[in-house]
Structure formats: structure tokens, C-alpha cells
Amino acid sequence: MKRRLVLIQPLVVRLFHWAITAGVILLVITGFYIAWPTGWVPFLNMRTARELHFSTGFITIFLVLGRFYYAVATGDYHNLLFRLRDFRQVPALLRFTFFLQDRSPDQEKYNVGQKFLFTSWFIVFVLVALSGVILYQPDPWEVILPFVGGLQGMRYFQFTVALFFALTIFLHVYLAAIDDPARLQAIFTGWIRVSSDKPEGGERTPSK
Amino acid sequence: MLTRREFIKLCLGAGAGFSLGSTVLPRLAEAITALERRPPVIWLEVQTCTGNFLSFLNTLNPRLQELIFEIIDLRYGNTMMAAEGEQAIRALEDVARDARGEYILVVDGAVPTKDGGIYGAIGHHPDGRLFTDLEAVETLGPGARYVVAAGSCAAFGGPYAANPNPTGAKPVSMVLDRQVINVPGCPIHPDWLVATLSHLLLYGVPDLDPYNRPTMIYGDTVHDNCPRRQYFENSIFAAHPGDSGCTYKIGCKGPVTFTDCPTRQWSGEHLSWPVEANTPCIGCVAPEFPDGMEPFFEQLPDVKLPGVTVTARTAAAVAGIVTAGGIGAHLVGSVLTGRLARNWVGKTETTKTNPGTGPGGEEKTLSKREARKDASWRGRRRPAGKLARGKDRNHHERVQSEREGEKE
Ligand code: SF4
Ligand code: SF4
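Chains are numbered independently. Their residues run from 1 in the order of the written sequence. Chain A is the first chain written and ligand 1 is the first ligand written, with later ones labelled in order. Only residues with pLDDT of at least 70 get local features here, since the model is predicted, and only at 80 or more are side-chain atom pairs given and counted; chain-wide, interface and lining totals rely on the full set of residues. Calculated side-chain values reflect all of the structure's heavy atoms, with hydrogen atoms and water omitted.

Regarding the overall build of chain A
Okay, so step 1: Every helix listed is a DSSP run of H or I at least four residues long, and every strand listed is a run of E at least two residues long, numbered separately from the N terminus. When helices and strands are tallied, chain A shows 7 helices and 2 strands.
Okay, so step 2: Mapped from its N terminus to its C terminus, chain A presents α and β elements in the order β-α-α-α-α-α-α-α-β.
Okay, so step 3: With the C-alpha coordinates of chain A rotated into their principal frame, the extents come out at 65 × 40 × 35 Å.
Okay, so step 4: Think of it in three bands: with a 1.4 Å probe and only protein chains considered, a residue is buried below 20% of the maximum accessible area for its type, exposed above 50%, and partly exposed in between. When burial is assessed residue by residue, chain A has 50% of its 208 residues classed as buried.
Okay, so step 5: Of the roughly 10,600 Å² of accessible surface on chain A, 74% is carried by carbon and sulfur atoms.
Okay, so step 6: We count Lys and Arg on the positive side and Asp and Glu on the negative side, and we leave His and both chain ends out. To locate a charge, take atom NZ for lysine, CZ for arginine, CG for aspartate or CD for glutamate. In chain A, 20 side chains carry a positive charge and 13 a negative one; their mean positions are 4 Å apart. Areas reported here follow the Shrake-Rupley algorithm with a probe of radius 1.4 Å; residue values treat only the protein chains shown as occluding.

Pasting the structure below:
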């Protein structure tokens with residue numbers, strides 16, 4: 001049998017993935033430092049942490065915008081967007097996750113759990129970016145401050161989101177690693193090794 | 001005549017040099033002479049600890065005496081007035097009737113609204129009925145030229161409206177259907193009220209922020225003008241109240257609190273302020289005070305879930321432990337059921353290759369060299385079947401058939 005490779009993560013996707021990953025991790029670390037400045041991050045003081053946080057924040061906003069544009073322009077968003085009909089697959093995915101069934105449910109490029117995570121990350125990122133911009137420069141936004149809990153409310157929201165990202169990133173890495181290392185490999189190399197001539201689920205999803 | 005711009009500059013300049021007395025008083029006197037009579041003021045204390053009035057008494061420039069005998073005509077004030085009982089209520093009714101549209105209503109305290117407002121009263125009507133705080137505010141509010149909510153309770157509800165708010169306390173702006181100028185503080189700085197009243201008398205309503213606070217006072221955050229800002233930037237933090245250094249780590253709310261304490265200083269003498277006394281700002285002028293600013297010695301509010309309240313720090317730790325525990329338990333499950341072995345030791349190949357929609361999906365076969373390397377790598381692997389356990393009974397057969405496939 002000939003061994004085949006299939007490109008499932010094109011270079012652009014990988015570049016965006018790793019750049020955004022680096023941005024979000026830096027934001028989470030500097031964010032937690034700003035909330036609880038302690039010696040646990042060496043060589044960091046408030047000034048550096050805040051400068052890093054703000055500059056990384058703005059760069060990541062542009063990266064996410066770029067990724068969003070790419071997803072919309074190429075139709076890639078079909079792979080990432082969790083839709084209402086995806087709820088139907090949730091029970092099977094839960095059964096698989098909790099070892100009640102052996103085979104993972106059929107999936108498109110990503111399973112519904114991952115799609116849910118990607119969609120929620122995007123929504124939460126947009127909101128947290130807005131709250132970050134408000135905290136960075138409150139003056140132009142003062143009209144909306146009463147509706148969003150004031151600066152303290154924004155700060156609390158940032159904390160909750162940092163926690164959400166910190167924990168779900170671990171979950172994402174773990175699930176990707178445990179369930180499908182071949183796909184994990186693809187986010188580094190782009191290619192996935194295929195073990196049969198006609199792989200199951202190997203048809204391309206038609207563009208909608 | 002002092003222009004409005006100059007007046008605001010004077011208020012913003014503040015600090016020890018802040019002197020309404022020397023500069024503003026003559027202008028106020030001129031303005032009041034032109035008015036022919038001093039503007040009547042009703043100072044209505046509703047559900048309050050009287051802290052705002054007592055703080056206001058500390059005004060030094062102008063002195064209280066100058067203020068109430070030369071500038072304003074204080075016609076009613078629960079704490080100050082000599083009259084009591086029926087006489088006091090009559091004085092209130094008189095001014096409400098005679099100076100309708102002219103008087104300035106200063107409300108100090110939150111308004112209890114539960115059960116028809118019976119939890120707070122300023123006295124009794126002549127017929128013996130309770131004259132509730134709610135009724136007083138509702139009756140006097142519409143006839144006032146300006147309504148000023150003095151202190152955080154009147155402006156935003158403050159401690160009286162804090163959870164569980166047994167009296168249904170509300171800020172004045174939620175009781176009256178009209179503009180209310182909020183001058184919060186717990187207590188209020190005397191200058192904040194004097195500057196607001198002076199602006200009202202000289203120039204009318206000052207510029208207000210979205211919370212209806214005069215921007216000449218509540219324009220910048222405490223943190224923006226804090227003399228300990230360098231300590232903050234360099235992470236030199238006080239570990240306990242009483243330590244010098246930035247008080248951020250012991251809960252300072254200066255970064256989210258808009259007012260001018262660091263430059264104005266407390267009180268009539270402009271001598272000091274909390275951070276200078278090595279204790280954190282607790283954000284007393286913020287609309288979220290006190291619930292949203294508690295715990296006072298933590299930066300972030302508590303996480304309140306039904307039946308439990310924990311600090312943000314504890315919530316973060318618990319969430320981290322639960323996630324780590326969940327991942328750990330799943331890992332153990334994956335080992336016991338053989339899933340880990342199947343996925344990791346078995347292969348890094350997949351049968352699920354759907355590249356989805358959009359770019360990607362190109363295919364290639366391994367070059368001879370790559371195939372050789374691949375085969376030698378596969379040869380070195382441990383037999384996956386040995387590690388496969390549990391439910392994945394078909395695993396061994398699958399590995400076998402794969403091997404056979406390879407031999408072909
Ligand atoms: S003491 Fe408070 S207001 Fe001053 S720099 Fe520190 S955090 Fe900011
Ligand atoms: S320092 Fe903070 S808590 Fe103290 S009076 Fe000023 S705003 Fe209120």
C-alpha cells in the first residue's frame with residue numbers, strides 16, 4: 001500500500017495559529033501578572049508587563065482580524081464555526097470523551113467540541129479586546145462605561161476571560177494530543193499521513 | 001468676573017493652594033447681589049450616616065459660616081436646624097411652596113423604597129402620618145431648580161443599597177424623573193460640594209460625565225495623578241497597610257476610580273489622603289461602591305455563586321485544579337482503555353483526513369527516501385498491541401491487518 005500525505009493545515013493557517021497562540025499566551029501571562037504582580041515572572045515589572053500586554057494585545061487583534069478575513073475569504077470558516085445543527089453530535093462526542101463508546105463520532109475537519117471551542121474563543125476574544133481597549137484608554141468610551149459595569153467591571157471581565165483562555169488552551173492541547181496525534185503533527189508540518197487508500201470521511205466537504 | 005474656564009482651572013488646580021475663598025467668594029458675592037437674595041437650599045438627610053454633612057462642615061475656604069450666612073440661604077437641614085418636629089416640617093413646606101423653582105435640593109443618603117418607604121422618615125405630617133424619606137424626595141424634587149445628590153449613597157445607593165439591601169434603598173436619580181447632579185464620596189470632600197454649588201450659582205450646570213458627576217472633579221482616575229505611580233510602574237508594592245509603596249497589591253482601587261483625591265487632599269486643610277497614609281483607596285466615589293469594590297484589600301471583586309462567595313484568587317485556583325483534575329482523570333481513563341496506546345504508540349496516522357472546506361487537501365505520496373525512513377521508523381516501534389488494553393478489542397487486529405498491508 002502506498003503511503004499518502006494529505007495537506008490539512010496550509011502554511012497560512014499554521015502561521016496564524018502559532019502567531020495567535022504566542023500572542024494569547026503572552027497576554028494571559030502578562031494579564032495575570034498585572035492582576036497579581038508577584039515574583040513568579042522573573043524580570044517583569046508593572047511597566048514592562050503593561051507595555052507587553054498592550055502591544056501584544058493590539059498585535060493579536062490584527063492577527064485575529066487577519067485570520068477572520070482568511071476564514072471568510074476562503075470558506076475555511078465552515079470548518080471552525082459551531083452551528084446549531086452541531087448540537088446533534090454533542091451526545092456522541094460526550095460518550096466518546098467519557099469512554100462510553102470506542103469510536104469518535106464522524107467529523108468534518110474538526111469535531112464539534114473543537115468547533116465549539118473555536119467559536120467561543122472568537123466571540124470571547126472580540127469582547128475581551130473591546131474591554132482591553134476601554135481599559136487602555138477609558139476617555140472616549142465613558143458613555144458606555146455605565147452599561148458595562150465601569151472600569152472595575154471591565155477589569156473583572158478581563159480576569160474571567162484570562163482564566164477561560166488559560167484553562168481551555170490546556171484542554172485544547174490535551175484533547176488534540178490524546179485523540180489524534182496525527183492531526184497534532186499536522187499543525188506543525190501541515191501534512192497528515194493517511195493509512196488507507198480510501199480514507200473514511202476523506203471526501204472534501206463541499207463548499208456551502 | 002471670573003470666567004467659567006478660569007473657575008474650572010481653579011477647581012482642577014486644587015491641592016493645598018485651592019482657594020475658593022480668595023478667588024471665588026467675591027464673584028459669588030457679586031452674583032448673589034445681582035440675584036437680590038441668596039439662593040435657598042434644602043439639605044435633606046434621608047437614609048444616611050450623616051458623614052457627608054459632617055465632612056461638609058470641615059470646609060475651610062470658604063468657611064461654613066461664610067457659606068451659610070453669606071452665600072446660600074440654608075432653609076432646612078436635619079442636623080443643623082434649631083427647629084424640630086412640627087415646626088421643622090412646616091419650615092420645609094414653606095420653602096417648598098414659596099421658593100418653588102428656585103431652591104437647590106441637596107439630598108444626602110439613599111432613599112428607602114421598600115414597603116412604601118416606611119424604613120426611613122424625616123418626621124410626621126401635622127395629621128400624624130409618617131413623612132417618609134421617599135415622600136420627601138418625591139415631593140421636593142420636582143420643584144427644585146437643581147437637585148444635587150451629595151455622597152455615594154444619594155448618588156449611587158452606596159452602602160445602604162449594598163447587598164442584601166433590606167430597605168430597598170435607591171439612589172435619588174432612580175426616584176426622581178429629572179436631572180440629578182451626582183457628587184459622590186464616602187464621605188464627600190467639602191470642596192467637591194462647594195465647587196459644584198458654586199458652579200451652579202455662577203454658571204449653571206457643570207459638564208457632567210455619563211454618571212452625571214461634574215467632570216471638573218471626577219475627570220481623571222486617582223491612579224493617573226497618584227504620587228506613588230512610580231512605585232506602581234516599578235512593582236514596588238506595600239505588602240500590608242502601613243507599608244510605604246504602591247498599595248495596589250493590598251487592594252487599591254485608584255486605577256478604576258475617577259476623582260481628584262491625590263491632588264486635592266483631605267480635608268478642609270488639604271493635608272493628606274489615604275495612599276499618603278499608606279492605606280489603599282477603596283473607590284468610594286465609584287458607582288460600584290461598595291459591593292463591586294469589595295474586598296477592600298483585594299484588587300478584584302469576589303466571585304459570587306449561589307450559596308458560596310470566594311475571592312477571585314481562590315476561584316482561579318479552584319478552576320485550575322478542577323481542569324487539571326479533569327485532564328488527569330481523562331488521561332488515566334485513556335491509558336486504562338487503551339486509547340492512549342492506540343493513538344500514540346499505534347500510529348501517527350489517521351483515517352480521518354477530511355481537510356474540510358477551503359485551502360488544503362493537496363495530496364502527495366512519500367518519496368522513496370521518505371518511505372525508507374518511514375519504514376525504518378515504523379520498524380523500531382514497540383508492537384502497539386502490547387499496550388492496547390480495555391475496550392479497544394479490535395485494535396490488535398487492525399494493527400495486524402495494517403502490517404499485512406505493508407508486506408504486500
Ligand atoms: S497607590 Fe493606588 S492609585 Fe497610587 S499608584 Fe498605586 S494603585 Fe495607583
Ligand atoms: S482616596 Fe478613594 S476611597 Fe478615599 S476618598 Fe478618595 S476616592 Fe474615596
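Picking up where we left off.
Re the sheet that holds strand β3 (residues 104–108) of chain B
Residue and element names in this part refer to chain B.
Okay, so step 1: Strand order across the open sheet formed by 5 strands is β2-β1-β3-β7-β9, with parallel pairing between neighbours. With one partner strand each, in any of the chains shown, β2 (73–77) and β9 (181–183) form the two edges of the open sheet. Neighbour to neighbour, the strand axes of the sheet diverge by 20° on average, direction disregarded.
Okay, so step 2: Following DSSP output, two strands are said to pair if at least two bridges run between them. The pairing of strand β1 (residues 40–45) with β2 spans 4 bridges and is classified as parallel. Bridge pairing in β2 places P40 opposite D73.
Okay, so step 3: In this description, contact between two residues means that some pair of their heavy atoms is separated by no more than 4.5 Å. In this description, a line fitted to the C-alpha atoms serves as the axis of each element, helices being fitted only across the stretch in contact, and the angle between N-to-C directions of two axes falls anywhere from 0 to 180 degrees. Across the sheet, helix α8 (residues 190–203) lies against β1, β3, β7 (146–150) and β9, angled at about 155° from β9, the strand it touches most.

Some details on the packing of helix α6 (residues 150–179) of chain A against helix α12 (residues 312–336) of chain B
Okay, so step 1: At a minimum axis distance of 11 Å, the contact between α6(A) and α12(B) shows a crossing angle of 10°. If you check the angle between α6(A) and α12(B), you find them roughly parallel. Side by side, α6(A) and α12(B) meet where A:F159, A:L163, A:L167, A:F170, A:L171, A:Y174 and A:I178 of the first sit next to B:A312, B:A316, B:A319, B:G320, B:T323, B:I327, B:H330, B:L331 and B:S334 of the second.
Okay, so step 2: Note on residue classes: Ala, Val, Leu, Ile, Met, Phe, Trp, Tyr, Cys and Pro are nonpolar, Asp, Glu, Lys and Arg are charged, and everything else, Gly too, is polar. A breakdown of the residues in the contact of α6(A) with α12(B) according to their chemical character gives 12 nonpolar, 4 polar and no charged. Oblique is the label for every angle not falling under 35 degrees (roughly parallel), over 145 degrees (roughly antiparallel), or within 65 to 115 degrees (roughly perpendicular).

A closer look at the site of ligand 1
Okay, so step 1: Around ligand 1 sit 13 residues, and of these B:H223, B:C226, B:C246, B:T247 and B:C252 come closest.
Okay, so step 2: The residue makeup of the shell around ligand 1, split by class, is 8 nonpolar, 3 polar and 2 charged. Distances are taken per atom, and a residue is near a molecule or strand as soon as one of its heavy atoms is within 4 Å of it.

With respect to helix α6 (residues 133–140) of chain B
All names here are of chain B.
Okay, so step 1: Those residues of α6 that fall on the buried side of the exposure criterion are D133, L134, A136, V137 and L140. One side of α6 holds all its buried residues, which, seen down the axis, span an arc of 165°.
Okay, so step 2: Buried residues in α6 make contact with β1, α5 (85–98), β3, β4 (111–112), β5 (121–124) and β6 (130–132). Here the arc refers to the set of directions running from the helix axis out to each C-beta atom.

Brief notes about the domain arrangement of chain B
Residues and elements named next belong to chain B.
Okay, so step 1: Here chain B is described as being made up of domain 1 (4–218) and domain 2 (222–391).
Okay, so step 2: Note on terms: buried area is the combined drop in 1.4 Å-probe accessible area of two parts once they are placed together, counting the loss on both. For the pair domain 1 and domain 2, the summed buried area comes to about 1,900 Å², and 59% of that belongs to carbon and sulfur atoms.
Okay, so step 3: Definition used for salt bridges: Asp or Glu carboxyl oxygen within 4 Å of a side-chain nitrogen of Lys or Arg. Counting the contacts that link domain 1 with domain 2 gives 1 salt bridge.
Okay, so step 4: Residues D191 and R264 are paired through a salt bridge, measuring 3.2 Å at the closest nitrogen-oxygen approach.
Okay, so step 5: Per-class residue counts for the side of domain 1 that touches domain 2 are 17 nonpolar, 8 polar and 2 charged. What marks off one domain from the next here is an automatic or database domain assignment.

Digging into the confidence of the model for chain A
All names here are of chain A.
Okay, so step 1: This prediction gives chain A a mean pLDDT of 87; 92% of its residues lie at or above 70.
Okay, so step 2: No element of chain A has a lower mean pLDDT than strand β2 (residues 191–194), which averages 80, and none a higher one than helix α2 (residues 46–74), which averages 96.
Okay, so step 3: One confidence number per residue, pLDDT, is output by the predictor and ranges from 0 to 100. Residue range residues 198–208 is modelled with pLDDT below 50. Its contacts to residues more than four positions away, or to other chains, number 30 contacts.

What about a negative patch on the surface?
Okay, so step 1: Within the patch definition used here, like charges are joined within 9 Å and nonpolar side chains (Val, Leu, Ile, Met, Phe, Trp, Tyr) within 5 Å, considering only residues with over 30% relative accessible area and no salt bridge. Taken together, the side chains of A:D139, A:E142, B:D220 and B:D224 present a region of like negative charge at the surface.
Okay, so step 2: For B:D220, the position within the fold is in the loop between α9 (215–218) and α10 (229–233).
Okay, so step 3: Overall, B:D220 belongs to the partly exposed group, its relative accessible area being 40%.

Brief notes about the layout of surface pockets
Empty space among the atoms can be located by rolling a probe the size of a water molecule over them.
Okay, so step 1: Site definitions follow a grid-based scheme: protein atoms alone, a 1 Å grid, a 1.4 Å probe that fits but cannot get out for cavities, and for pockets an open set with protein on both sides within 12 Å along at least five of seven lines, plus lining residues having an atom within 4 Å of a point. Grid points are joined across faces, edges and corners, and a volume is the space filled by probe spheres set on the points. Of the pockets and cavities examined, the second largest pocket occupies roughly 1,100 Å³.
Okay, so step 2: Among the elements of the structure, α1 (11–35), α2, α5 (112–136) and α6 of chain A together with α10 of chain B are those that each provide at least two residues to the lining of the second largest pocket.
Okay, so step 3: A total of 8 residues in the lining of the second largest pocket trace back to one element, the largest contributor, which is α2(A).
Okay, so step 4: Class assignment of the residues belonging to the lining of the second largest pocket gives a composition of 27 nonpolar, 10 polar and 9 charged.

Some thoughts on the side chain of B:D209
Okay, so step 1: When you line up the elements, B:D209 lands in the loop between α8 and α9.
Okay, so step 2: A polar side-chain atom of B:D209 sits 2.8 Å from the main-chain amide nitrogen of B:Y211. Pairing of N or O atoms within 3.5 Å defines a polar contact, subject to two protein rules: one partner must be a possible hydrogen donor and the other a possible acceptor, and residues neighboring in sequence count only if both atoms are side-chain atoms.

Regarding the nonpolar core
Okay, so step 1: Residues belong to a common nonpolar core when they are buried Ala, Val, Leu, Ile, Met, Phe, Trp, Tyr or Cys residues joined through side-chain atoms within 4.5 Å. Ranked by internal contacts, the top residues of the largest apolar core, which has 80 residues, are B:I42, B:L44, B:L105, B:V137 and B:V172.
Okay, so step 2: Residue assignment places this core across two domains, with domain 1 (4–218) and domain 2 (222–391) of chain B each supplying three or more.
Okay, so step 3: Grouped together as the second largest cluster of nonpolar side chains are 29 residues, A:L80, A:F118, A:A129 and A:A162 included.

Focus on the pattern of salt bridges
All names here are of chain B.
Okay, so step 1: The final tally for this structure, using the stated rule, is 14 salt bridges over all chains.
Okay, so step 2: Note that D94 and R97 form a salt bridge whose closest N and O atoms lie 2.8 Å from each other. Taken together, the residues D94 and R97, both in helix α5 and 3 residues apart, mark about one turn of the helix.
Okay, so step 3: For D94, a relative accessible area of 28% puts it in the partly exposed group.
Okay, so step 4: The partner of R264 in a salt bridge is D260, and the shortest N-O contact between them spans 2.7 Å. An identical accessibility class is assigned to R264 and D260; each is buried.
Okay, so step 5: Several salt bridges share partner residues, and in doing so they unite D94, R97 and D98 into one network.

Description of a nonpolar patch on the surface
All names here are of chain A.
Okay, so step 1: The grouping of F68, V72, Y77, L81, F122, I123, V126, L127 and L130 at the surface amounts to a nonpolar patch, some 750 Å² of accessible area in total.
Okay, so step 2: Of all the secondary structure elements, the ones that give two or more residues to the nonpolar patch are α2 and α5.
Okay, so step 3: Here the nonpolar patch gets 5 residues from one element, more than from any other, and that element is α5.
Okay, so step 4: Along the polypeptide, L81 turns up in the loop between α3 (77–80) and α4 (90–97).

Topic: the site of ligand 2
Okay, so step 1: Looking at ligand 2, the residues that line it are B:T257, B:T259, B:C261, B:W266, B:W273, B:P274, B:C281, B:I282, B:G283 and B:C284.
Okay, so step 2: By residue class, the composition of the shell around ligand 2 is 7 nonpolar, 3 polar and no charged.

Remarks on unusual backbone geometry
Residue and element names in this part refer to chain B.
Okay, so step 1: The amide bond that connects N163 to the next residue, P164, takes the cis arrangement and shows omega of 10°.
Okay, so step 2: Summarising the element assignment, P164 is placed in the loop between α7 (152–156) and β8 (169–170).
Okay, so step 3: In this model, E294 is joined to P295 through a cis peptide bond whose omega is -5°.
Okay, so step 4: Assignment of secondary structure puts P295 in the loop between α11 (261–264) and β10 (303–305).
Okay, so step 5: At D115, a position not held by glycine, the phi torsion is positive, near 50°.
Okay, so step 6: Relative to the helices and strands, D115 is located in the loop between β4 and β5.
Okay, so step 7: Judged by relative accessible area, which is 47%, D115 ranks as partly exposed.
Okay, so step 8: Positive phi values are uncommon outside glycine, yet N212 reaches one of about 65°.
Okay, so step 9: Secondary-structure assignment places N212 in the loop between α8 and α9.

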